[in-house]
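Breakdown of the fold
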Amino acid sequence: MATTPAGSVRVSPAPRGAELSEFFAPQRTPSTALPDAEPFLRNLTRGVLEVLAGVREVDQLARWLTEDPYRKLVTRSNLATRARSARGMPAKRPAHAILSVHESSPADGVVEAVVIVQGPARTRAVALRLEGMDGRWRATSLALL
């Protein structure tokens, strides 16, 4: 049995890189610790439509999106901005009405939803997947159909 000399401090081995990345990575949150998803779905959908209309900055939604949907939204927003400038149209606030929200929960802390939105020209669907991370909802997938 090994003993340490008096006055010395025993140091535990340093954690490995994988353990550190798991510790600092987003932590899953169960459904019971999360708020109702429907208000978040409605507000996020409005925010996405405002970004595509050019009246809201994508950065304002960054907190609620994971990296993949954020990058896709940035790309689509840039394309919409170029299309508006090519036609000489200014950015204006969209007049959309949310008709319905259909959601299901395939696993604990996960919500998959479709939000039906009626605009002046057509009715669209926004498909979202939310996952509970660090005590709040974050969109891990986003598609405007």
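Because the structure is a prediction, the values reported are computed rather than measured.

Description of the overall build of the protein
Looking only at helices and strands, the protein has 3 helices and 4 strands in total. Traced from its N-terminal end to its C-terminal end, the protein shows the element sequence α-α-α-β-β-β-β. Every one of the 145 residues in the protein was classed for burial, and the buried ones make up 31%. Long-range contacts, defined as pairs at least 24 residues apart, comprise 49% of the intrachain contacts of the protein with a sequence gap of at least 6. When the accessible surface of the protein is split by element, carbon and sulfur atoms take 55% of a total near 9,600 Å².

Details of the sheet that holds strand β3 (residues 123-133)
Ordered in space as β1-β2-β3-β4, the 4 strands form an open sheet in which the pairing is antiparallel. If you trace the sheet from one side to the other, it starts and ends with β1 (97-107) and β4 (136-144), each paired once. Here the average twist between neighbouring strands, direction ignored, is 25 degrees. Bridge analysis of β1 against strand β2 (residues 110-118) gives 8 bridges, and the strand direction is antiparallel. Bridging across to β2, Ala97 finds its partner in Gln118. On the sheet, helix α2 (residues 37-53) packs against β1, β2, β3 and β4 and is oriented at approximately 125 degrees with respect to β1. Across the face of the sheet, helix α3 (residues 67-87) comes into contact with β3 and β4 while running at roughly 45 degrees to β4.

Looking at the confidence of the model for the protein
With 83% of its residues at a pLDDT of at least 70, the protein reaches an overall mean of 86. Confidence, read as mean pLDDT per element, is least for helix α1 (residues 17-24) in the protein (64) and greatest for β2 (96).

Things to note about the pattern of salt bridges
In the structure shown here, the tally under the stated rule is 7 salt bridges. Residue Arg71 is joined to Glu67 by a salt bridge in which the shortest nitrogen-to-oxygen separation is 2.7 Å. Of the two residues, Arg71 and Glu67 both sit in helix α3, 4 residues apart, roughly one turn of that helix. Overall, the relative accessible area of 52% leaves Arg71 in the exposed class. Put simply, Glu112 and Arg129 hold a salt bridge, and the shortest N to O gap is 2.4 Å. Here the residue Glu112 occupies a position in strand β2, and Arg129 occupies one in strand β3, the gap between them amounting to 17 residues. Given the relative accessible area of 34%, Glu112 is considered partly exposed. Residue classification places Arg129 among the partly exposed residues on the basis of a relative accessible area of 27%. Overlapping salt bridges, with partners in common, bring together Glu50, Arg56 and Arg93 in one network.

What to know about unusual backbone geometry
Of note in this structure, Asp134 is not a glycine but carries a positive phi near 55 degrees. By the element assignment, Asp134 lies in the loop between β3 and β4. The class for Asp134 is partly exposed, based on a relative accessible area of 46%.

Here's the deal with the nonpolar core
Counting 26 residues, the largest nonpolar core has Leu41, Leu44, Leu73, Val115 and Leu130 as the members making the most contacts within it. Contributions of two or more residues to this core are made by α2, β1, β2, β3 and β4. Residue contacts for Leu73: discarding those within four places in its chain leaves Val48, Val51, Leu52, Val58, Leu61 and Leu65.

Reading guide: rules and limits
Residues numbered from 1 in each chain as written. Predicted model: local features only at pLDDT ≥ 70, side-chain atom pairs only at ≥ 80, totals over all residues. Heavy atoms only, no water. Helix = DSSP H or I, 4+ residues; strand = E, 2+ residues; numbered from the N terminus. Buried < 20%, exposed > 50% of the residue type's maximum accessible area, 1.4 Å probe, protein only. Contact = heavy atoms within 4.5 Å. Areas by Shrake-Rupley, 256 points an atom, 1.4 Å probe, with all protein chains shown as cover. Pairing = 2+ DSSP bridges. Axes fitted to C-alpha atoms, helices over the stretch in contact; angles between N-to-C directions. pLDDT = per-residue confidence, 0-100. Salt bridge = Lys/Arg side-chain N within 4 Å of Asp/Glu carboxyl O. Core = buried A, V, L, I, M, F, W, Y, C linked by side-chain atoms within 4.5 Å.

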